Amino acid sequence: MSTISTTGQFPDGFLWGTATAAYQIEGAAAEGGRGPSIWDTLCRVPGAVQGGDTGDVACDHYHRWAEDVDHLARLGVSAYRLSISWSRVQPGGSGPLNAEGVDFYRNLLDALRERGITPYVTLYHWDLPQELEDAGGWAARETAYAFADYARAMARELGDRVALWTTLNEPWCSAYLGYASGVHAPGRTEPAAALAAVHHLNLAHGLAVQAIREELPGAACSITLNLHVLRAASGSDADADAVRQIDGLANRVFLGPLLEGTYPADVQQDTASVSDWSFVHDGDLDVVRQPLDVLGVNYYSSTRVRRFDGEGEPVRADGHKTTAASPWVAADDVEFLPQPGPYTAMGWNVEPAGLTELLLDLHERYPDQPLAVTENGASFADEVVQDPALGIPRVHDIARVAYLRDHVAAVAAAIDAGADVRGYFAWSLMDNFEWAYGYSKRFGILHVDYPTGERTWKDSAYWYARLTRTGRIPAVFEAGPAA
């Protein structure tokens, strides 16, 4: 349990929400005019996804969305973070919109607003239309302009229904896991392409914000980053320099252009053997740096590194699925060490204090930038059992309840210390397709029986409902339904 001291007070208007992503929950992969995305393609590559799983059906949210809105209302959340499937609304990534796909999101957003739930919409959660990947994907500059056109179209079609537009979710994953290590779609292992993708994703964000605000003056815009909380394995200068190098690749290569209008010189120097960075054109950084109404922060665990001494094989316990290629471009001499436990089912360490540290560090560096925790949660092995007393199915996920309780307290501690944090979104509303891990990992506060699609509230959902309705952090023992 956390030793974080906090009053547990949250500001008026603080948003309590949950989050999902289109490819992970929607299913209906070949219905309603949807075109293929890079994840549809990668799922067909033997061995790319655990168990040969695909998102073809997933949680069948495409057909069960009204039921899922009912669950959101019952949870008492004030906001819901969802993503739009680009290939559902614009199958090839350019050209005419697919009216049936747009109507799906229009109806979903209307239903959320009717229930008093504020829609936070993410335009890109990793599911690039395959036609754009065939033309070069995020390694190609043209993809950034296609994304801006898509963003403008969504602002035009859905603008009066969306409270905040998040351009990209975790561009670190899109660039490095997609183009360097290949564990995510499109499954490429090209370090130079990964660095180009970093910039083109940053550029896409800036272009999209400009397009949205041209279409909707005054629109609230955001981006969500999975910023890494880094620890040095020792007090040595070598290990401190390893932290600097990974901080550059993981954090500053996004924060720098987005919030300061510049790329860190040391990152360009560290990667000079891979790329000359000629993909950055004059004027690009002015486009990338757009005022953000909220900076989204995703946090799950922390990371410990040291400089490799050349003895034996380097340790690669960075929390990501291991392949022959590394996501850490030009950083082969950095080791990623296992963290002290406890651990989730993903093998990630549980360190709530890291979230407080991250939020306060961002507040210190960018004191005028509002923040929101847009993802935080944990995967554990869950089992549905019948409660003989209440006569209902139950999932006693006490470890997840403890994880959520301690991390919500960590957010409160950051607020107590002065950080401007506007909301917290639990990942995830329901169990879903966990990318390269398929359906083997469960993050939801609702359990999903994949053969039937049936949703069952876990004890963590009951706990979260108490939190959303009172604004008070319940004790772990308060999880579960009232007798």
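Criteria and thresholds
- Residues numbered from 1 in each chain as written.
- Predicted model: local features only at pLDDT ≥ 70, side-chain atom pairs only at ≥ 80, totals over all residues.
- Heavy atoms only, no water.
- UniProt positions renumbered as here; feature names shortened; annotations may be inferred.
- 1 Å grid on protein atoms, 1.4 Å probe; cavity = no way out; pocket = protein on both sides within 12 Å on 5 of 7 lines; lining within 4 Å.
- Points joined across faces, edges and corners; volume = space filled by probe spheres on them.
- Helix = DSSP H or I, 4+ residues; strand = E, 2+ residues; numbered from the N terminus.
- Nonpolar A, V, L, I, M, F, W, Y, C, P; charged D, E, K, R; others polar.
- Expected span 1.5 Å × (residues − 1).
- Buried < 20%, exposed > 50% of the residue type's maximum accessible area, 1.4 Å probe, protein only.
- Pairing = 2+ DSSP bridges.
- Polar contact = N/O pair within 3.5 Å; in protein donor to acceptor, adjacent residues only side chain to side chain.
- Contact = heavy atoms within 4.5 Å.
- Disulfide = S-S within 2.5 Å.
- Axes fitted to C-alpha atoms, helices over the stretch in contact; angles between N-to-C directions.
- Parallel < 35°, antiparallel > 145°, perpendicular 65-115°, else oblique.
- Left-handed = near helix turned anticlockwise from the far one by under 90°.
- pLDDT = per-residue confidence, 0-100.
- Core = buried A, V, L, I, M, F, W, Y, C linked by side-chain atoms within 4.5 Å.

- Looking at an unreviewed UniProt entry, one finds the protein named Beta-glucosidase and attributed to Isoptericola halotolerans.
- Per its UniProt entry, the protein bears the Catalytic activity (unreviewed entry) comment "Hydrolysis of terminal, non-reducing beta-D-glucosyl residues with release of beta-D-glucose."
- The protein has a UniProt comment under Sequence similarities (unreviewed entry) that states "Belongs to the glycosyl hydrolase 1 family."

1. Regarding the layout of surface pockets
Part 1 of the argument: One number sums up the size of the largest pocket: a volume of about 720 Å³.
Part 2 of the argument: In this structure, the largest pocket is lined by 38 residues; those nearest its centre are Ser-301, Asp-318, Gly-319, His-320 and Trp-348.
Part 3 of the argument: Of all the secondary-structure elements, those providing two or more residues to the lining of the largest pocket are helix H8 (171–179) and strand S8 (303–307).
Part 4 of the argument: The residue inventory of the lining of the largest pocket, partitioned by class, reads 18 nonpolar, 14 polar and six charged.

2. Digging into unusual backbone geometry
Part 1 of the argument: In the segment running from Ala-185 into Pro-186, the intervening peptide bond is cis, with an omega of 10 degrees.
Part 2 of the argument: Relative to the helices and strands, Pro-186 is located in the loop between H8 and helix H9 (191–215).
Part 3 of the argument: The linkage connecting Gly-341 with the following residue, Pro-342, adopts the cis geometry, with an omega of 5 degrees.
Part 4 of the argument: Looking at where Pro-342 falls in the secondary structure, it is placed in the loop between strand S9 (334–337) and helix H13 (352–365).

3. Observations regarding H13
Part 1 of the argument: The terminal C-alpha atoms of H13 lie 21 Å apart, and with 14 residues this matches the ideal 20 Å at 1.5 Å per residue to within 8%.
Part 2 of the argument: For H13, the full list of buried residues reads Pro-352, Gly-354, Leu-355, Thr-356, Leu-358, Leu-359 and Leu-362.

4. Some thoughts on the pairing of S8
Part 1 of the argument: Of the two faces of S8, the one holding Thr-303, Val-305 and Arg-307 is buried and the one holding Arg-304 and Arg-306 is not buried anywhere.
Part 2 of the argument: As paired elements, strand S6 (residues 230–232) and S8 share three bridges and run parallel to each other. Considered in S8, the bridge of Leu-230 is made with Thr-303.
Part 3 of the argument: Of the strand pairs in this sheet, S8 and S9 are connected by four bridges, and their pairing is antiparallel. By the bridge assignment, Arg-306 is partnered in S9 with Glu-335.

5. Some remarks on the environment of Asp-70
Part 1 of the argument: In this structure, Asp-70 sits in helix H3 (residues 61–75).
Part 2 of the argument: Each C-alpha atom of the pair Asp-70 and Leu-112 lies 9.1 Å from the other, and the pair is 42 residues apart in sequence.
Part 3 of the argument: Among the polar contacts listed, one links the side chain of Asp-70 to the side chain of Arg-115, at a separation of 2.7 Å.

6. Focus on the side chain of Ser-85
Part 1 of the argument: Within the secondary structure layout, Ser-85 lies in the loop between strand S2 (79–83) and helix H4 (86–89).
Part 2 of the argument: With sequence-adjacent residues up to four places away left out, Ser-85 is seen in contact with Ala-22, Glu-26, Arg-34, Tyr-105 and Asp-127.

7. Digging into the pairing of strand S12 (residues 392–395)
On a regular strand, each side chain points to the face opposite its neighbour's, so the side chains alternate between the two faces of the sheet.
Part 1 of the argument: In this structure, strand S11 (residues 384–387) lies alongside S12, joined through four bridges in antiparallel fashion. Each bridged residue has a counterpart across the sheet, and for Asp-387 the counterpart in S12 is Ile-392.
Part 2 of the argument: With antiparallel pairing between neighbouring strands as the criterion, S11 and S12 make up a hairpin whose turn holds four residues, including Gly-391 at a positive phi of roughly 70 degrees.

8. Considering the state of the cysteines
Part 1 of the argument: Under the definition given, this model contains zero disulfides.
Part 2 of the argument: A disulfide-free cysteine, Cys-59 has its sulfur positioned 14 Å from the sulfur of Cys-43, the nearest such atom.
Part 3 of the argument: Cys-173 forms no disulfide, and the closest cysteine sulfur to it belongs to Cys-43, at a distance of 16 Å.

9. Here's the deal with the sheet that holds S9
Part 1 of the argument: Taken in spatial order, the three strands line up as S6-S8-S9 in an open sheet, and their pairing is mixed. Taken across any chain shown, the strands that pair with only one partner, and hence form the sheet edges, are S6 and S9. This sheet shows a mean twist of 40 degrees between the axes of neighbouring strands, independent of strand direction.
Part 2 of the argument: Across the sheet, helix H10 (residues 237–260) touches S6, S8 and S9, and the angle it forms with S8 is around 125 degrees.

10. Re helix H7 (residues 142–158)
Part 1 of the argument: Helix length check: H7 (17 residues) gives 24 Å between terminal C-alpha atoms against 24 Å at 1.5 Å per residue, within 8%.
Part 2 of the argument: Among all positions of H7, only Thr-143, Ala-144, Ala-146, Phe-147, Ala-148, Tyr-150, Ala-151, Ala-153, Met-154, Ala-155 and Leu-158 are buried.
Part 3 of the argument: Those residues of H7 that are buried lie in contact with H4, helix H5 (99–114), strand S3 (118–124), helix H6 (130–134), strand S4 (164–169) and H9.

11. Describing the packing of helix H14 (residues 398–416) against helix H15 (residues 459–470)
Part 1 of the argument: Contact pair H14 / H15: the axes reach a minimum separation of 9 Å and the direction vectors enclose 30 degrees. Considered as vectors, H14 and H15 are oriented roughly parallel to each other. H15 is crossed by H14, and the crossing has right-handed handedness. From H14, Arg-400, Val-401, Leu-404, Arg-405 and Val-408 reach across to H15, where they touch Asp-459, Ser-460, Trp-463 and Leu-467.

12. As for the sheet that holds S3
Part 1 of the argument: Pairing within the closed barrel is parallel, and its eight strands lie in the order S1-S2-S3-S4-S5-S7-S10-S13. For this sheet, the mean angle separating the axes of adjacent strands, direction not counted, is 25 degrees.
Part 2 of the argument: Where H9 meets the sheet, it contacts S3, S4 and strand S5 (221–225), and its direction lies at approximately 165 degrees from that of S4.
Part 3 of the argument: Where H15 meets the sheet, its contacts fall on strand S1 (15–19) and strand S13 (421–427), and the angle it forms with S1 comes to roughly 150 degrees.

13. Quick look at the confidence of the model for the protein
Part 1 of the argument: When pLDDT is averaged along the protein, the result is 96; 98% of the residues meet or exceed 70.
Part 2 of the argument: Long-range and interchain partners of residues 1–5, a stretch whose pLDDT sits below 50, account for 13 contacts in this model, where long-range means more than four residues apart.

14. Points about the nonpolar core
Part 1 of the argument: Grouped together as the largest cluster of nonpolar side chains are 167 residues, with contacts concentrated most on Trp-39 and Trp-165.
Part 2 of the argument: Broken down by element, the residue count for this core peaks at 13 residues, all from H9.
Part 3 of the argument: With sequence-adjacent residues up to four places away left out, Trp-39 is seen in contact with Tyr-23, Val-49, Trp-126, Asp-127, Val-183, His-184, Ala-185, Phe-433, Trp-435 and Ala-436.

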